[in-house]
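# Results of the structural survey
The lines below spell out each chain.
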Amino acid sequence: MNDRLKTATPAKGVDLQENKPMNQSWRLLDPVLLKPAVVESFRKLSPQAQFRNPVMFVVWVGSVLTTVLGIHALGGEGEAGAGFILGIAAWLWFTVLFANFAEALAEGRGKAQAAALRGSRRNVVAKKLSDASRDGKVTVLDSASLRRGDIVLVEAGDTVPADAEVLEGVASVDESAITGESAPVIRESGGDFSAITGGTRVLSDWLIARVTANPGEAFLDRMIAMVEGAKRKKTPNEIALTILLVALTLVFLLATATLLPFSMYSVSAAGAGSPVSVTVLVALLVCLIPTTIGGLLSAIGVAGMSRMMQANVIATSGRAVEAAGDVDVLLLDKTGTITLGNRQASAFLPAPGVSGGELADVAQLASLADETPEGRSIVVLAKTRFALRGRELHDAQFVHFTAQTRMSGVDIGARQVRKGAAEAVRAHVLAQGGQWPQAVVELVEQVARRGGTPLVVADGNLVMGVVELKDIVKGGIKERFAELRQMGIKTVMITGDNRLTAAAIAAEAGVDDFLAEARPEDKLKLIRDYQAEGRLVAMTGDGTNDAPALAQADVAVAMNSGTQAAKEAGNMVDLDSNPTKLIEIVETGKQMLMTRGALTTFSVANDVAKYFAIIPAAFAVTYPQLAALNVMGLNSPASAILSAVIFNALIIVFLIPLALKGVAYRAMAAGALLRRNLLVYGLGGLLVPFVGIKLIDMVLGGLGLA
Amino acid sequence: MNQSAVVQTGLYLLVLLTLAWPLGRYLAALMSGGLAQRLGWMGKVDRGLMKLIGANGEEDMPWWRYAAAIVLFNLAGLLAVYLLQRLQLSLPFNPAGMPNVEAASAFNTAVSFVTNTNWQGYVGEATMSYLTQMLALTVQNFLSAATGIAVVVALVRGFARKHAQGLGNAWLDLSRATVWLLLPLASLFAVFLVGQGVIQNFSPYVEAQLVEPVSYQVAKTDEAGKPLVDAQGAAVMETVTVRTQTLAMGPVASQEAIKLLGTNGGGFFNANSAHPYENPTGASNFLQMLSILLIPAALCFMFGRMVGDVRQGVVVLASMTLIFVAMVAVVVWAESHANPLLVQLGMDAGLGNMEGKETRFGIVASSLFAVITTAASCGAVNTMHDSLMPLAGGVTTWLMQLGEVVFGGVGSGLYGMLLFAMLAVFLAGLMIGRTPEYLGKKIESFEMKMVSIAILITPLLVLGGTAVAVLLPQALTSLWNPGAHGFSEALYAFSSAANNNGSAFAGLSANTPYYNLALGLAMWFGRFGVLIPVLAIAGSLARKPRLAVSVGTMPTHGPLFVVLLVGTVLIVGALTYIPALALGPVVDHLQLFAGQGG
């Protein structure tokens, strides 16, 4: 796992930790990725590539201009020394290269991850069927030539050639290539387990399936397109930010361009010096325009996508990832998200005259052969509470649960041990001539009121007591919800349980609200209601009947194990089918926006220091009094300007790790978060360049370069 | 800052905010239509007026209809003011027989008064007939202020409404702002001014005998107007003795009141509020200063009430006040120091910089007035800004360059500030990891586009205009002062025009074809280049849903947002204008105190 996931999800027992991304982790500056990134940075110097990014395009034009001026100056009649102009030109080129490098590196990482994800699905042999039956004619072809709607046969040992929906057959499928989960899963036609993913392998039996996506349209392919800068569509916030950056660039273009006439006037008015040189103006312009964010903007977007991929989430658009940051209501299914999948025994409540140990003993006896998770949990609870171990039983005949008897247990000779629903056990006991004590009735009610399921245990005609089964809330989830609340995100639990049960679990898990006895249409209505209040809703789902709600939700994460309909309706697919991951998705979305905001603020705040470096230097000859503004005490005008340009280029390199990793996300209220980030990136951005430029100036002075 | 300055500024703000609060409540009730519903007769007057001008006051206008109405209304105003000036000799109420105004000047003045700039390239008492002053200039003083109010109200409705197409009715908004706000306030204030000694008459100019004849020397000129020189090259001087003075008369008080209340600033006389017939006493001066910022401040409260959260308005007002107080401190500090060159010549340094100031106001009241008039886009002056110390002059220039958002013009100040709020929210919103939102409205690419246009247009006009002015030979002749101070004069003129302030640094002959035309265009685009994007934003916002507020929403009602908003305004203003200011006021200041300029 990469560093971010570790910090974002500290060990809390939430099963996020269980993710085993199959794609290996890529260290930030992996040497394997560095070399191609360097090559790519030069390739991106072409004007077409630069034109996509208006801010960097201005730098590119400036680099070309100063280079020409420098070459001209070599002839000895330039506007300034050739060394100075070419020095500026070189650092302007570095600025462009560094920005290219950041983008190339982010793309390289994304592509490496995508390639690993895709690896298994290349050049697979597909068995195309002429019609949807086993008797159909089989054509063997390359998976790349499959089209949506084609029918394929996948037999034991075959790799699934494309994303498809099972029409016929039942098979066990190894999805570890995608999910990292080694246990095979059952896929069958109809219902919620009918989707198969390209690249997974059928272990037993066979399936006939209809291909649901053309090659290149599958989720993975869409994701890969999003980490390739040139094809990446800008997200809405990115577009808005780009507009702002262009506007800032225009402001600075105006401020620097008008300096030329201003300085010409000043020269004639002061009768001293010469007008400011074009080189200095270009240097000033490049330092002022938001190159830091402009150069890293694309890398941030690509890195966001690639973080999603590292979390094994495939988003259909960058827009969806960004929207995740805006979500303020999370709809979470109870089972699997908030609670572990099954109910478990949590307490032994003995009837009057029976000890807890006796009840546990009998309950364990009744459950020894019960292989259901509930049954096993009773055995385990008896062991942990009363140190009762499983034992050898002679002459025992196990009675399995049936829908008719609604009881299970064991017959040991004539002794009948049973456990089951209260009504069933009551009938059983009364039929045997036993008593149905009032105390047990009350216990049963108590448990039901708490949201648990009561199981009554009887030994012959004697009622021993009640075993309380209840939903086990996942460890750490409550803290997770508390964090979400701090972030201003409301959690709503969706469950088919009755209100009583739902309320009890909701209280225990610490969700803000719940929807009990929820039908799919209730879910849809709930989403619409929240949206009408002006909230953005995120949810997870896997069943076909979730599809309308998924389509309505602003951020909809479909489980990979879910149906094709659910996946089509959602805007993200979680390959691990882990509903808790929604929380992580929200964090990633926020982190992407925060990184952009932080770097924009930093970039703009930097400009103050650059003015203090360049303005006195540019007008040193005309108005020597302006030296009063040289608060950093820089060596010489040339050194001051060069230092500012070098700082401006180097800061991009220093911030590449931040752009790729993202600004550390903390769960706190918006106000506190803003205060923190303003202090770090606003105030920091104001101060850092003063120090940086001074240091570079000292180094330049030390080297005798300026 | 000395004690007197603290007391005067404190008292001023106290009275201002105390009066702005109830006025803000009144404005909210008035502009939301709630008042007309409660008072039947008011509704009747409104409907009657709509009938009179043939407008359908019921129509809920989409933003482009609203914008079209505003622009057409102002174009009509432009034409009317232009024609009245051009034909004044043939029209009544012209006892001094003022000739028709020359075309370029008339154009400049018409744009100037329509855009609430009130830049005056002309000398009022020597150019305009009483009819022009009253019917053209004073009327536009009302209507341009009403325009500002209508536009800001439309923007506020954009925030307040959800899933709405319309922004209200432009005609009704204009009429309500004029009839129920500006007219009553101006009438009241005019009466007070008359009580203080401001004149209000239609008399011809008075020829008064001086108690003491004044003699002074002037350079003798030849027929071409060139100064004559003697054999040594020194100018030939002659002595002139003056025994009489012409006292200009006119309906001053009625124009004076709205000049300040509407942040117009166009004086009846050339000397503006320094003239004893416009601003005779300390009391009239205090109330004039008060009336400049009264409506802009009240609009902040109105904004808070109309969006359903008064704190939002308070935050905006607090941000404005904070910047204002800081600027007052700098100006008073700068003005308390005498010009070192004059001190070298033996002048008493104790008084501070009294050059260009009226003795009846003194340093503090003059400095305060200078900051108020440039903070608001008023432009009335009671002191000569050209004579301010370089730093103080720089501050007043910068206040205008900030976009006139520190209180700013009536309406335009608030809508300008709200543009900056959207910009601040955009940066901050990203920093907390959410799509930026302000008052429950998402700020997306369309809004950013419009905000960018609105924020770009004035620097383009200011810097572009100044750049041309310091290159063009015919424009350069207008500068009276050489060097950095001359540059400051041109910069100030374009800053003033493009931001619709209208005050002049003086020291610049602005009544030339170049300046009349260039500044006229700067004023027009500085006004409508911002106003139209603002209405477009309002239209887009009104269509959006209003998002619910949660802990995850960035709070825009606390001190943190004040800091953010102030920071955004100052940083944007600084980054845009630092180079220009460095070459003007900053160099001027450094040279002056290094003892080699002025």
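This text follows the structure it describes.
A few points on the structure. (Residues numbered from 1 in each chain as written. Chains lettered and ligands numbered in written order. Predicted model: local features only at pLDDT ≥ 70, side-chain atom pairs only at ≥ 80, totals over all residues. Heavy atoms only, no water.)

### A word on the overall build of chain A
Condition: Under the scheme used here, helices are H or I runs from DSSP no shorter than 4 residues and strands are E runs no shorter than 2 residues, and both carry numbers assigned from the N terminus. Classification of residues uses two cut-offs on accessible area relative to the type maximum, computed with a 1.4 Å probe and protein chains only: under 20% is buried, over 50% is exposed, and between them is partly exposed. Here the open area of atoms and residues is found with the Shrake-Rupley method and a 1.4 Å probe, where only the protein chains shown may cover a residue.
A tally of helices and strands in chain A yields 25 helices and 21 strands. The 706 residues of chain A split such that 57% are buried. Accessible area for chain A stands at about 27000 Å²; split by element, carbon and sulfur atoms hold 58% of it.

### Considering helix 14 (residues 356-367) of chain A
Defined as follows: One fewer than the residue count of a helix, multiplied by 1.5 Å, yields its expected span.
The first and last C-alpha atoms of helix 14 of chain A sit 16 Å apart over 12 residues, in line with the 16 Å expected at 1.5 Å per residue. Where burial is concerned, most of helix 14 of chain A is hidden: 9 out of the 12 residues are buried.

### Remarks on the sheet that holds strand 9 (residues 313-315) of chain A
Through backbone hydrogen bonds, the strands of a sheet pair up, either in parallel or in antiparallel fashion. All names here are of chain A. This is how the line gets drawn: Strands are treated as partners if at least two bridges between them are detected by DSSP. Comment: axis = line fitted to C-alpha atoms, over the contacting stretch for helices; angle = value between 0 and 180 degrees taken between N-to-C directions.
Read across the open sheet, the 7 strands follow the order 9-21-20-19-10-17-18; overall the sheet is mixed. Each end of this open sheet is capped by a strand with a single partner; those strands are strand 9 and strand 18 (513-515). Averaged over all adjacent pairs, the angle separating strand axes in this sheet is 20 degrees, with direction ignored. Taken together, the 3 bridges between strand 20 (residues 555-559) and strand 21 (residues 572-574) define a ladder with parallel strand orientation. Within strand 21, the position partnered with Val-557 by the bridge is Met-572.

### Remarks on the packing of helix 11 (residues 310-335) of chain B against helix 13 (residues 362-375) of chain B
Residue and element names in this part refer to chain B. Worth spelling out the cut-off: Each angle gets one of four labels, with under 35 degrees taken as roughly parallel, over 145 as roughly antiparallel, 65 to 115 as roughly perpendicular, and the rest as oblique. The crossing is said to be left-handed when, going from far helix to near helix, the turn is anticlockwise and less than a right angle, and right-handed when the turn is clockwise. What makes two residues a contact is simply this: any of their non-hydrogen atoms within 4.5 Å. Classification used: nonpolar for Ala, Val, Leu, Ile, Met, Phe, Trp, Tyr, Cys and Pro, charged for Asp, Glu, Lys and Arg, polar for all others including Gly.
For the pair helix 11 and helix 13, the least separation of the axes is 9 Å and the interaxial angle reads 140 degrees. By the criterion of interaxial angle, the relationship of helix 11 to helix 13 is oblique. When the axes of helix 11 and helix 13 are compared, the crossing they make is right-handed. Residues Phe-324, Met-327, Val-328, Val-331, Val-332 and Glu-335 of helix 11 form the contact with helix 13, whose participating residues are Ile-363, Ser-367, Leu-368, Val-371, Ile-372 and Ala-375. Here the contact of helix 11 with helix 13 is built from residues that sort into 10 nonpolar, 1 polar and 1 charged.

### Side note on a nonpolar patch on the surface
This is how it is decided: Exposure above 30% relative accessible area and no salt bridge define the residues that can form patches, which grow by joining like charges within 9 Å and nonpolar side chains of Val, Leu, Ile, Met, Phe, Trp and Tyr within 5 Å. Salt bridges are identified by distance alone: a Lys or Arg side-chain nitrogen within 4 Å of an Asp or Glu carboxyl oxygen.
Judged by side-chain polarity, Leu679(A), Val680(A), Leu683(A) and Leu687(A) come together as a nonpolar surface patch covering roughly 360 Å² of accessible area. Position of Val680(A) among the secondary structure elements: in helix 25 (residues 670-703).

### Focus on the side chain of Asp309(B)
Residues and elements named next belong to chain B. By secondary structure assignment, the location of Asp-309 is in the loop between helix 10 (282-306) and helix 11. What makes Asp-309 buried here is its relative accessible area of 17%. If we skip the residues at most four places from it in the chain, Asp-309 touches Gly-304 and His-557.

### Notes on the interface of chain B and chain A
How we decide: A simple way to read buried area is as the amount of 1.4 Å-probe accessible surface that goes missing from two parts once joined, with both sides added. Two N or O atoms count as a polar contact when they lie within 3.5 Å, although within protein this holds only if one can serve as hydrogen donor and the other as acceptor, and sequence-adjacent residues are included solely when both atoms are side-chain atoms.
Contacts between the two partners involve 59 residues from chain B and, on the opposite side, 59 residues from chain A. Contact with chain A buries area across many residues of chain B, yet Met431(B), Leu575(B) and Leu583(B) alone supply 15% of it, more than any other trio. Where chain B packs against chain A, one counts 2 salt bridges. Among the ionic pairs, Asp326(A) bridges to Lys442(B), the shortest N-O distance being 3.4 Å. At the junction of chain B with chain A, the criterion picks out 7 residue pairs in polar contact (both at pLDDT 80 or more). Ranked by residues supplied to the side of chain B that touches chain A, first place goes to helix 20 (residues 559-593) of chain B with 15 residues. Per-class residue counts for the side of chain B that touches chain A are 39 nonpolar, 15 polar and 5 charged.

### Details of the packing of helix 18 (residues 483-498) of chain B against helix 19 (residues 513-543) of chain B
All names here are of chain B. In contact at an axis separation of 7 Å, helix 18 and helix 19 are set at 40 degrees when each is read in the N-to-C sense. Looking at the two axes, helix 18 sits oblique to helix 19. Contacts between helix 18 and helix 19 involve Ala-490, Ala-493, Phe-494, Ala-497 and Ala-498 on the former and, on the latter, Tyr-514, Tyr-515, Ala-518, Leu-519, Ala-522, Met-523 and Gly-526.

### Quick look at the pattern of salt bridges
A complete count under the given rule lists 31 salt bridges over all chains for this structure. The salt bridge involving Glu59(B) is made with Arg65(B); its shortest N-O contact spans 2.8 Å. Ionic pairing is found between Glu447(B) and Lys544(B), a salt bridge with its closest N-O pair at 3.0 Å. Here Glu447(B), found in helix 16 (residues 445-469), pairs with Lys544(B), found in the loop between helix 19 and helix 20; they are 97 residues apart in sequence, far enough to count as distant. Summarising the burial analysis for this pair, Glu447(B) and Lys544(B) share the class buried. Among the charged side chains, a network of salt bridges with common partners joins Lys44(A), Glu103(A) and Glu107(A).

### Overview of the nonpolar core
The cut-off we apply is this: Buried Ala, Val, Leu, Ile, Met, Phe, Trp, Tyr and Cys residues that are joined via side-chain atoms within 4.5 Å together make up what is termed a nonpolar core.
Leu330(A), Met572(A), Tyr12(B), Phe324(B), Tyr438(B), Tyr515(B) and Phe561(B) are the most contacted members of the largest nonpolar core, which totals 330 residues. With sequence-adjacent residues up to four places away left out, Met572(A) is seen in contact with Met308(A), Val313(A), Ile314(A), Ala315(A), Ala320(A), Val321(A), Ala324(A), Val555(A), Ala556(A), Val557(A), Ala558(A) and Ile585(A). Counting 37 residues, the second largest nonpolar core, distinct from the first, contains Leu359(A), Val362(A), Ala363(A) and Val425(A).

### A few points about the side chain of Asp411(A)
All names here are of chain A. Relative to the helices and strands, Asp-411 resides in strand 13 (residues 407-412). For Asp-411, a relative accessible area of 18% translates into the label buried. At 2.9 Å, the side chain of Asp-411 forms a polar contact with the side chain of Arg-418. Aside from chain neighbours lying at most four places away, what touches Asp-411 is Asp-395, Ala-396, Gln-397, Val-399, Gln-416 and Arg-418.

### What to know about the packing of aromatic side chains
Geometrically, a pair of aromatic rings is defined through the distance of the ring centres and the angle of the planes. Selection criterion: Side-chain rings of Phe, Tyr and Trp (the six-membered ring for Trp) are treated as a pair once their centres are within 6.5 Å; stacked means planes under 30 degrees apart, edge-to-face means over 60, and tilted covers the remaining angles.
Applying the stated rule across the entire model yields 25 aromatic pairs over all chains. Here the aromatic rings of Trp91(A) and Phe94(A) are separated by 5.0 Å at their centres, their planes lie at 55 degrees, and the arrangement is tilted. With Trp91(A) and Phe94(A) both in helix 5 (residues 82-118) and 3 residues apart, this pair spans about one turn of that helix. Taking relative accessible area as the criterion, Trp91(A) reaches 22% and is therefore assigned partly exposed. Aromatic ring contacts, followed pair by pair, group Phe93(B), Tyr130(B), Phe202(B), Phe268(B), Phe269(B) and Tyr277(B) into a single cluster.

### Section: the pairing of strand 15 (residues 453-459) of chain A
One face of the sheet, then the other: side chains in a regular strand alternate in exactly this way. All names here are of chain A. For strand 15, the buried fraction is high: 6 of the 7 residues fall into the buried class. Here strand 14 (residues 415-420) pairs with strand 15 via 4 bridges, running antiparallel. If you follow Arg-418 over to strand 15, its bridge partner there is Ala-458. Judged from the 7 bridges that link them, strand 15 and strand 16 (residues 462-473) form a sheet pairing that is antiparallel. In the strand pairing of strand 16, Ala-458 is matched with Val-463.

### Focus on unusual backbone geometry
Residues and elements named next belong to chain B. Its identity is not glycine, yet Phe-93 carries a phi of approximately 55 degrees, on the positive side. Secondary-structure assignment places Phe-93 in the loop between helix 4 (63-86) and helix 5 (103-114). Here Phe-93 falls in the partly exposed class, since its relative accessible area comes to 43%. Of note, the phi angle at Glu-404 is positive, near 55 degrees, even though the residue is not glycine. Its place among the elements puts Glu-404 in the loop between helix 14 (390-401) and helix 15 (412-431). Take Glu-404: its relative accessible area is 2%, and that puts it in the buried class.

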